[in-house]
Amino acid sequence: DYSLGVFSYTCPPMNDDLAGAIALTVDEGFCNGSNTNGTNEGATDSGEAVGSCYYNGADNDVWFSFTVPSGTATVDVSTDFTGGTLEDTQIAVFSGMSGSLVEMDCSQDEGTTILGNGSSWNSIITDLAVTVGETYYVQVDGYDFDLMGTFCLDISTNQVLGIDDIDNPAAFTYYP
């Protein structure tokens, strides 16, 4: 005697592998606490490199990319926002290309925003040194193989130029 269970299948998102990475604009400011721009629902293991800080592999990873605009030396990469249903992310940033990715940084649970689960288990990488014109890839996954949902990923510049950033301060001029 047995009963027939209910089976549902969700198609993988378009960015289930590196070739389908969704391009994000640096400093877009889309993540405002209610918006989402990503989901790993239905995602599968992309077979690419896995972030070194990931707890249990990358069974449901999805990919994003960003190209560094001029005047940018460092960026923050974050899922530390309310509004999504995936309340425990892990992220890794890579340079290179499929099959030869090089990890730049990895984050798991460094977030500070208190989420619906009462914890701040989202991820943030701060002050990541980047090169103008280069494209980088961000891998996002849930903390464990069964954690899936929606989230918001943001890439923002964070440096403020000062007098120390000018190669020749004596030649610097400005006008009102």
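The structure this text deals with has already been given above.
Starting afresh in each chain, residues are numbered from 1 along the sequence in its written order. The model is predicted, so local features are restricted to residues of pLDDT at least 70 and side-chain atom pairs to those at 80 or more, both for listing and for counting; the totals for chains, interfaces and linings are taken over all residues. Hydrogens and water molecules were not included; the side-chain quantities draw on all heavy atoms of the structure.

> Could you clarify how one ought to interpret the nonpolar core in this entry?
Most often, soluble globular proteins keep nonpolar side chains buried together rather than apart. Counting 21 residues, the largest nonpolar core has Phe 66, Val 77, Val 138 and Leu 153 as its most contacted members. Secondary structure is summarised from DSSP: a helix means a run of H or I of at least four residues, a strand means a run of E of at least two, and numbering begins at the N terminus for each. Going through the elements one at a time, strand 3 (62–67), strand 4 (74–78), strand 5 (89–95), strand 7 (124–129) and strand 8 (135–142) are the ones with two or more residues in this core. Sequence-distant contacts of Leu 153, defined by excluding residues within four places in its chain, comprise Leu 24, Cys 31, Asn 37, Phe 64, Val 77, Ser 78, Thr 79, Val 138 and Val 140. Nonpolar core, defined: a set of buried Ala, Val, Leu, Ile, Met, Phe, Trp, Tyr and Cys residues in which side-chain atoms within 4.5 Å join the residues together. Only protein chains enter the area calculation, which uses a 1.4 Å probe; residues under 20% of their type maximum are buried, those over 50% are exposed, and those in between are partly exposed. Only heavy atoms matter for contacts: two residues are in contact if any of them lie within 4.5 Å across the pair.

> Just checking my understanding: could you explain the sheet that holds strand 6 (residues 102–108) for this structure?
The sheet built from five strands is open, its strands ordered 1-3-8-5-6 with mixed pairing. The outermost strands of the open sheet, each flanked by one partner alone, are strand 1 (22–23) and strand 6. Pairing between strands is defined by DSSP: at least two bridges between them are needed. Here strand 5 runs beside strand 6; their pairing, made up of six bridges, is antiparallel. Bridged to Val 93 within strand 6 is Asp 105.

> Explain the sheet that holds strand 10 (residues 154–157) to me, please; I cannot follow it from the model alone.
Strands pair in a sheet through their backbones, by hydrogen bonds, and they do so in one of two ways: parallel or antiparallel. Taken in spatial order, the three strands line up as 7-4-10 in an open sheet, and their pairing is antiparallel. Only two strands of the sheet have a single neighbouring strand rather than two, namely strand 7 and strand 10. Between one strand and the next, the sheet's axes are offset by a mean angle of 20°, whatever the strand orientation. Inspection of the sheet shows strand 4 paired to strand 7 by four bridges, in the antiparallel sense. Within strand 7, the residue paired with Val 77 across the bridge is Ile 125. Fitted lines through C-alpha atoms serve as axes, helices being fitted only where they are in contact, and the angles separating the N-to-C directions of these axes extend from 0 to 180 degrees.

> How should the environment of Val 132 be read in this particular structure?
Relative to the helices and strands, Val 132 is located in the loop between strand 7 and strand 8. Sequence separation of Val 132 and Ala 73 is 59 residues, and the distance between their C-alpha atoms is 7.3 Å. When near neighbours in sequence (up to four residues on either side) are disregarded, Val 132 contacts Val 68, Pro 69, Ser 70, Gly 71 and Thr 72.

> Just checking my understanding: could you explain unusual backbone geometry for this structure?
Negative phi characterises most residues that are not glycine, and trans characterises most peptide bonds. The backbone phi angle of Asp 27 is positive, close to 65°, even though this residue is not glycine. Structurally, Asp 27 can be placed in the loop between strand 1 and strand 2 (38–39). With phi around 55°, Asp 127 is a residue other than glycine that occupies positive phi space. Inspection of the secondary structure assignment puts Asp 127 in strand 7. Residue Asp 127 is classed as exposed on the basis of its relative accessible area of 51%.

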